[in-house]
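A structural walkthrough
Chain residues, written in single-letter form:
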Amino acid sequence: GAGVSQSPRYKVAKRGQDVALRCDPISGHVSLFWYQQALGQGPEFLTYFQNEAQLDKSGLPSDRFFAERPEGSVSTLKIQRTQQEDSAVYLCASSLPSGGIDEQFFGPGTRLTVL
Amino acid sequence: TQLLEQSPQFLSIQEGENLTVYCNSSSVFSSLQWYRQEPGEGPVLLVTVVTGGEVKKLKRLTFQFGDARKDSSLHITAAQTGDTGLYLCAGPPRLDTDKLIFGTGTRLQVFP
């Protein structure tokens, strides 16, 4: 398919474990965004990249959260020493951008449950 | 910190009814977008409004951007069960960023 894909779709981790969440953006999309969505809430911005450059990481909740996009395509969001409050759906989105107001195309998300 | 407050938080109606969802902020936004999200999926863009007072129509959905660009509304005429989902407004907090601030969300359930 041509959409944004994320893996795994579901992840259960024990408290203290490290996890890695992967995002494959739409081919050719320059910008890539990570959002965290709690149950029943709107997504909250975590970080975003333009190509391989991380332009804004102001939304990362703590230094346990780390994101990378080394070749300007696939991105990985890593959470170290997971805690129960990290349980959420992690959404990835990509966009061209076009120079105007861009549409962000979202993946289905990874639901992380920390026990 | 810019916030986007949506109301109502939940809406449960029968097919054929009309409804309006509101998105309000104390800050000015250069543009606002509306997304719909279904369970297990990511949000999907419905519309972008950029000019104060702008009205856009998408079939039975009518979107309006407030004159002062601090608020927006989504009106659905003759709701259908397929309209069920989480409706989210979103906008960029500044002109020099592509990131989005999302609203608190309105969960709509349309019953047959």
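Heads up: the structure comes first, above all this text.
This report concerns the structure included in the present document. Within each chain, residue numbers correspond to sequence positions counted from 1 in written order. Each chain is given a letter, starting from A, and each ligand a number, starting from 1, according to the order in which they appear as written. pLDDT decides what is reported in this predicted model: residues at 70 or higher carry local features, side-chain atom pairs at 80 or more are listed and counted, and totals for whole chains, interfaces and linings draw on all residues regardless. Think of the side-chain values as coming from all heavy atoms in the structure, minus any hydrogens and water.

**A look at the interface of chain A and chain B**
- Contacts between chain A and chain B engage 22 residues on the former and 22 residues on the latter.
- The term buried area means the drop in 1.4 Å probe accessible area that two parts suffer when joined, counted for both and summed. In terms of surface lost to chain B, no three residues of chain A exceed Pro43(A), Ile101(A) and Phe106(A), which account for 27% of the buried area on that side.
- Between Lys99(B) and Asp56(A) there is a salt bridge; the shortest N-O distance is 3.2 Å.
- As used in this structure description, the phrase polar contact means that two N or O atoms lie within 3.5 Å; if the pair is within protein, one of them must be able to donate a hydrogen and the other to accept it, and residues adjacent in sequence are counted only when both atoms belong to side chains. The tally of links from chain A across to chain B stands at 8 residue pairs in polar contact (both at pLDDT 80 or more).
- A helix here means a DSSP run of H or I that spans at least four residues, while a strand means a run of E at least two residues long, and both kinds are numbered starting from the N terminus. At the level of secondary structure, the elements contributing two or more residues to the side of chain A that touches chain B comprise strand E4 (31-37) and strand E5 (44-50) of chain A.
- At 4 residues, the largest contribution of residues to the side of chain A that touches chain B is made by E4(A).
- Each residue gets one label: Ala, Val, Leu, Ile, Met, Phe, Trp, Tyr, Cys and Pro are nonpolar, Asp, Glu, Lys and Arg are charged, and the others, such as Gly, are polar. The class makeup of the residues in the side of chain A that touches chain B is 9 nonpolar, 9 polar and 4 charged. In what follows, residue pairs with any heavy atoms lying within 4.5 Å of each other are defined as contacts. Salt bridge, as used here: a side-chain nitrogen of Lys or Arg that lies within 4 Å of a carboxyl oxygen of Asp or Glu.

**Quick word on the sheet that holds strand E8 (residues 71-76) of chain B**
Residues and elements named next belong to chain B.
- When DSSP finds two or more bridges between a pair of strands, those strands are recorded as paired. Here 5 strands make up an open sheet; going across it, the order is E1-E3-E8-E7-E6 and the pairing antiparallel. One side of each edge strand has no neighbouring strand; the edge strands of this open sheet are strand E1 (5-7) and strand E6 (55-58). The mean angle between the axes of side-by-side strands here comes to 15°, regardless of whether they run parallel or antiparallel.
- Here 4 bridges tie E6 to strand E7 (residues 61-65), and the two strands are oriented antiparallel to one another. Opposite Lys57, over in E7, you have Thr62 as the bridge partner. Axes here refer to lines fitted to C-alpha atoms; in helices the fit is confined to the stretch in contact. Angles between the N-to-C directions go from 0 to 180 degrees.

**Observations concerning the layout of surface pockets**
- Here the largest pocket defines a volume of roughly 500 Å³.
- In terms of lining residues, the largest pocket is bounded by 26 residues, among which Pro43(A), Glu44(A), Leu3(B), Ile101(B) and Phe102(B) are the most central.
- Residues that form the lining of the largest pocket fall into these classes: 10 nonpolar, 11 polar and 5 charged.
- The way it works is a 1 Å grid over only the protein atoms, where trapped points that fit a 1.4 Å probe form a cavity and open points with protein on both sides within 12 Å along at least five of seven lines form a pocket, and then any residue with an atom within 4 Å of a point lines it. Lining the second largest pocket are 23 residues, with Gln37(A), Leu39(A), Val89(A), Arg111(A) and Gly40(B) positioned closest to its centre.
- The set of elements that each furnish at least two residues to the lining of the second largest pocket consists of strand E9 (88-95) and strand E11 (110-114) of chain A. Grid points are joined across faces, edges and corners, and a volume is the space filled by probe spheres set on the points.

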